[in-house]
Amino acid sequence: MNVLAIESSCDETAVAILTDTNRVLASEVYSQVALHRPFGGVVPELAARSHVERLAPLVDAALATAGLDLSAIDAVAAARGPGLLGPLLVGMTYGQGLALARGLPFVGVNHLAGHLLSPDLDAPLRFPALVLLATGGHTALYRLDGETEVLLLRRTVDDAVGEAFDKVAKMLNLGYPGGPVVERAAAGGDPTVVPLPRPFPKDPRALSLSGLKTAVRRTIETATNATDPRFVADLCASFQAAVADVLSEALSTALAHHSDVRAVYLVGGVAANRSIGAQLGATVGEREFRAPSMRWCGDNAAMIARAAWPRLVAGAADPWDLQPRVRWEVAPWA
Ligand code: KG4
Ligand code: ZN
């Protein structure tokens with residue numbers, strides 16, 4: 001089966017073709033980062049318009065890369081949510097148009113399910129697994145007993161990890177998106193210089209990062225040397241270390257309660273952060289621990305095709321009046 005999938009939930013336009021569960025024949029990604037950079041964040045209207053412009057050429061590029069004609073596609077999938085309404089509508093409508101014209105089934109996919117299954121694109125997942133999802137809009141910990149058997153264990157009550165990185169970068173005028181620039185600045189800093197809190201809510205289902213972000217803001221406001229590269233590097237390193245400690249604590253608490261898990265995966269844009277990955281790996285210890293390869297950390301359409309796979313194999317298809325879901329938790333609470 002060849003599945004053509006579309007991702008357009010935020011600021012990446014992506015098209016992929018997947019065959020045999022996890023063999024990626026093509027994965028094309030167009031990043032709109034340069035378009036949104038002058039605004040310091042994603043502008044939904046601009047994003048939607050850019051998706052309209054980029055989708056058709058990306059579909060052509062994906063087919064060319066895969067060496068396939070449209071007639072070789074057996075099903076179409078698109079991210080249905082969570083995400084920005086306009087951008088989601090563009091991808092879904094395009095995917096449905098393609099499916100309808102070719103007489104193919106169409107399914108709408110939860111973008112977070114795509115992230116959860118993304119490590120499977122590199123090597124088969126092992127179950128039961130704990131998956132820590134950390135993106136620009138979501139941060140949560142899940143237990144997976146199979147590719148569609150997912151339970152939500154813990155979720156942030158305020159900022160997502162990627163969002164916190166983006167905000168810290170903005171406070172320090174480091175640019176956008178914040179994750180990569182903060183990580184780069186942190187590489188030259190000392191994580192023990194700036195004392196920052198490690199907020200850890202009593203509620204076993206909660207995670208909180210806004211207190212840490214506020215502490216960073218206060219440190220900048222009271223600093224006499226806020227633009228000094230040494231100060232910036234030390235603050236970024238201290239912030240990154242605090243985030244790693246918070247995630248690490250959440251993970252070790254979960255591991256204590258779910259001692260039967262065989263593997264732990266870190267997924268989403270933040271999984272690109274080497275320092276956080278290294279600390280979580282140390283926390284996990286003997287069990288398998290990995291993050292997806294770089295191209296599957298950020299938003300891409302191969303993970304959308306992967307998440308669509310179980311339903312498509314079962315012969316499912318969504319109705320043509322399917323609506324996007326701006327907010328959509330992927331799993332029930334454990
Ligand atoms: O998964 P993703 O590409 O898009 C969403 O679904 O949100 O994640 C994007 C987020 C951004 O907030 C970005 O700053 C963060 O991932 N990010 C990082 C790194 N690279 C990207 N955060 C920390 N360290 C990084 N190296
Ligand atoms: Zn994402």
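Okay, so let's go over this structure.

Reading the values: the criteria
- Residues numbered from 1 in each chain as written.
- Chains lettered and ligands numbered in written order.
- Predicted model: local features only at pLDDT ≥ 70, side-chain atom pairs only at ≥ 80, totals over all residues.
- Heavy atoms only, no water.
- Donors = N, O, S within 2.8 Å, 3.2 Å for Na, K, Ca; no water.
- Helix = DSSP H or I, 4+ residues; strand = E, 2+ residues; numbered from the N terminus.
- Near = heavy atom within 4 Å.
- Polar contact = N/O pair within 3.5 Å; in protein donor to acceptor, adjacent residues only side chain to side chain.
- Areas by Shrake-Rupley, 256 points an atom, 1.4 Å probe, with all protein chains shown as cover.
- Nonpolar A, V, L, I, M, F, W, Y, C, P; charged D, E, K, R; others polar.
- Buried < 20%, exposed > 50% of the residue type's maximum accessible area, 1.4 Å probe, protein only.
- Pairing = 2+ DSSP bridges.

**What about the coordination of the zinc ion (ligand 2)?**
Here is step 1: The protein atoms that coordinate the zinc ion (ligand 2) are His 111 (NE2), His 115 (NE2) and Asp 299 (OD), at distances spanning 2.0 to 2.1 Å.
Here is step 2: The motif formed by the donor residues of the zinc ion (ligand 2), counted along the single chain, is H-x3-H-x183-D. With His 111 and His 115 both in helix 4 (residues 111-117), this residue pair falls four residues apart, about one helical turn.

**Considerations on the site of ligand 1**
Here is step 1: Around ligand 1 lies a shell of 21 residues, among which Gly 136, Asp 166, Gly 179, Glu 183 and Gly 269 are the nearest.
Here is step 2: Here Gly 269 contributes a backbone N or O atom positioned 3.0 Å from an oxygen atom of ligand 1.
Here is step 3: Relative to its unbound accessible surface of 560 Å², ligand 1 loses 86% to contact with the protein.
Here is step 4: A per-class count over the shell around ligand 1 returns five nonpolar, twelve polar and four charged.

**A closer look at the pairing of strand 7 (residues 139-144)**
Here is step 1: Counting buried positions over the six residues of strand 7 gives six, a clear majority of the element.
Here is step 2: Residues Thr 139, Leu 141 and Arg 143 point to one face of strand 7 and Ala 140, Tyr 142 and Leu 144 to the other, with burial holding for every one of them.
Here is step 3: Of the strand pairs in this sheet, strand 6 (residues 129-134) and strand 7 are connected by six bridges, and their pairing is antiparallel. Across the sheet, Leu 133 pairs through a bridge with Ala 140, a residue of strand 7.
Here is step 4: Hairpin remark: strand 6 followed by strand 7, antiparallel, with four residues in the connecting loop.
Here is step 5: Where strand 7 hands over to strand 8 (residues 150-156), the hairpin turn is made up of five residues, counted between the paired strands.

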